[in-house]
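Coordinate analysis (summary)
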Protein chains: 2
Amino acid sequence: MTASASNGAGTTWRIRFGGVGGQGIVLAGRLLGQAAALHDGKEAVCTQTYGPEARGGASRTDVIVSDDPVDYPFVIEADVLAVLFQEAYAKYRDCLAPEGLMIIDTGLVNADNSDENVCGLPATEIAEKLGNRVVTNVVILGYLVEKTGVVSRDAIEAAIRATVKPKVIDLDMRALEAGARAARGEDPL
Amino acid sequence: MTASASNGAGTTWRIRFGGVGGQGIVLAGRLLGQAAALHDGKEAVCTQTYGPEARGGASRTDVIVSDDPVDYPFVIEADVLAVLFQEAYAKYRDCLAPEGLMIIDTGLVNADNSDENVCGLPATEIAEKLGNRVVTNVVILGYLVEKTGVVSRDAIEAAIRATVKPKVIDLDMRALEAGARAARGEDPL
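Residues numbered from 1 in each chain as written. Chains lettered and ligands numbered in written order. Predicted model: local features only at pLDDT ≥ 70, side-chain atom pairs only at ≥ 80, totals over all residues. Heavy atoms only, no water.

Let us look at the overall build of chain A. Within chain A, the secondary structure is distributed over 6 helices and 7 strands. At 15 Å, chain A has a C-alpha radius of gyration in line with the 16 Å of a compact globule built from 189 residues. Referenced to the eigenvectors of the C-alpha coordinate spread, the extents of chain A come out at roughly 45 × 35 × 35 Å. Within chain A, contacts between residues at least 6 apart in sequence are counted, and of these 57% link residues at least 24 apart. Accessible surface computed for chain A: about 7,900 Å², of which carbon and sulfur atoms make up 47%. Counting 18 positive and 26 negative side-chain charges, chain A places the centres of these two groups 7 Å from one another. (Helix = DSSP H or I, 4+ residues; strand = E, 2+ residues; numbered from the N terminus. Rg over C-alpha atoms; globule rule 2.2 N^0.38 Å. Contact = heavy atoms within 4.5 Å. Areas by Shrake-Rupley, 256 points an atom, 1.4 Å probe, with all protein chains shown as cover. Lys, Arg positive; Asp, Glu negative; His and termini not counted. Charge placed at Lys NZ, Arg CZ, Asp CG, Glu CD.)

Another aspect to go through is helix H3 (residues 123-130) of chain A. Residue and element names in this part refer to chain A. What H3 keeps buried is the set Ala 123, Thr 124, Ile 126, Ala 127 and Leu 130. Down the axis of H3, the buried side of the element spans an arc of 160 degrees, and every buried residue falls inside it. Those residues of H3 that are buried lie in contact with strand E6 (96-105), strand E7 (118-121), helix H4 (136-148) and helix H6 (166-183). Of the residues flanking the end of H3, it is Gly 131, one or two places downstream, whose phi is positive at about 130 degrees. (Buried < 20%, exposed > 50% of the residue type's maximum accessible area, 1.4 Å probe, protein only. Arc of directions from axis to C-beta.)

This part takes up the interface of chain A and chain B. Of the residues lining the interface, 27 residues belong to chain A; the matching set on chain B comes to 27 residues. Carbon and sulfur atoms supply 58% of the area that chain A and chain B bury against each other, a total of about 2,200 Å² over both sides. It is Leu 38, Tyr 50 and Pro 52 of chain A in chain A that bury the most area against chain B; as a group they hold 28% of the surface buried on that side. For the pair chain A and chain B, the number of links is 0 salt bridges. (Buried area = accessible area lost by both parts, 1.4 Å probe. Salt bridge = Lys/Arg side-chain N within 4 Å of Asp/Glu carboxyl O.)

To continue, consider a positive patch on the surface. A grouping of Lys 165 and Lys 167 of chain A together with Lys 165 and Lys 167 of chain B is seen on the molecular surface, where their side chains present a positively charged patch. Inspection of the secondary structure assignment puts Lys 165 of chain A in the loop between helix H5 (153-163) and H6. (Patch = residues over 30% accessible without salt bridge, like charges linked within 9 Å, V, L, I, M, F, W, Y side chains within 5 Å.)

Moving on, we come to the pairing of strand E4 (residues 59-66) of chain B. Residues and elements named next belong to chain B. Of all the 8 residues making up E4, 6 are buried; the element is thus mostly covered by neighbouring parts of the structure. As paired elements, strand E2 (residues 11-19) and E4 share 8 bridges and run antiparallel to each other. Looking across to E4, one finds that Arg 16 is bridged to Asp 62. Pairing between strand E3 (residues 43-50) and E4: 6 bridges, direction antiparallel. By the bridge assignment for E4, Val 45 is matched with Ile 64. (Pairing = 2+ DSSP bridges.)

All names here are of chain A. Taken as a whole, this structure holds 28 salt bridges over all chains when the rule is applied. Between Asp 62 and Arg 60 there is a salt bridge; the shortest N-O distance is 3.6 Å. With a relative accessible area of 1%, Asp 62 lands in the buried category. Residues participating in the shared-partner salt-bridge network are Glu 146, Arg 153, Glu 157, Glu 177, Arg 181, Arg 184 and Glu 186.

All names here are of chain A. Alternating positions in E7 separate cleanly, Cys 119 and Leu 121 being buried on one face and Val 118 and Gly 120 remaining unburied on the opposite face. Judged from the 4 bridges that link them, E6 and E7 form a sheet pairing that is parallel. Residue pairing across strands places Met 102 opposite Val 118, the latter belonging to E7.

All names here are of chain B. Compared with the 21 Å implied by 1.5 Å per residue over 15 residues, the 20 Å span of helix H1 (residues 25-39) between its first and last C-alpha is a close match. Within H1, 12 of the 15 residues are buried, leaving the element largely enclosed by the surrounding structure. Of the positions making up H1, those classed as buried are Ile 25, Val 26, Ala 28, Gly 29, Leu 31, Leu 32, Gly 33, Gln 34, Ala 35, Ala 36, Ala 37 and Leu 38. Gly 41 occupies a position one or two residues after H1 and carries a positive phi of about 70 degrees. (Expected span 1.5 Å × (residues − 1).)

The next point concerns the relation of the copies chain A and chain B. Rotating chain A by 180 degrees and moving it 0.0 Å along the rotation axis overlays it on chain B with an RMSD of 0.0 Å. Taken together, these values place the two copies in the relation of a two-fold axis. Nearest to the rotation axis, the C-alpha of Thr 47 of chain A is located 2.2 Å from it, this being the minimum over chain A. A shared binding surface is used by both copies, with 100% of the interface residues of chain A retained as interface residues in chain B. (Least-squares fit on C-alpha atoms with pLDDT ≥ 70 in both.)

Structure (structure tokens):
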């Protein structure tokens, strides 16, 4: 995986989560941004766009993680596109950079054969087997962080511990590990 | 209250919430953005910026609500600045537009006498009297929406109902009404 060059000396990751309401992609983006900034010493911006077409349709959360301050927070071309909803796949696939990585929930999204660099896991199904589909977003995060290294595993764990309710931390940690195991080619459960 | 002109025929509201972790300003911004887009037919963008300095310090959530698509989602000059933390007041007060409105939690923020267009309410105290300080952000939202009309009361109520857990909807509605009553000069409780 490659990140795009930024204006400064460092690197910039441009990440888009595409899904539908209730899948927790806003929280996924926020956890990634906080992990980068608060625990890995980077700059991060998280943007949600709401338009009239968003009612029940595909929605997105963009996250930019950079060694330098972020000038322009919209993601025009994504280094990583994580999609959990077929309509979001159709809407956002063209924003993926030529060398970019597409991550899909294989239980919910059918990617076209012409797409390159597609990988994924049945995140929703894994979350259900762990006990609650609300951690689908954390399964995806575990996968994404393991595949890309955009933030450290310690950083994303610290962001989760600082953000979610105490009673769900244990479930979130298992979801994160399940996603990471899938990214390493191991049985996630 | 005035909104700034946008590039198109309509108007644009640039709103910044400044606070500290745990005050729920990210959710406040998100509710406002969803109210505008999903229920009032406008465009909205919500942006959170995370930097290494954010650890325990002032943080912000920017919301832009417009009749037209939003080209640039950062708020450079705010039409409305709502601050719930003294350090956030100090950090962001200079971003307020000349005719802009500053809203403060009067229990937590002391504004300078030189500031114009400052108004506010003891939002945290009101939330505690309603039963839980976690609805401080909704008290502020009720005040802001009543003062500015940036979104309709129906829209913000619908966004809350669609977003929060069923068991807290009633408390949130009372918090929203308390903020609105304060904005109308009535006893909030």
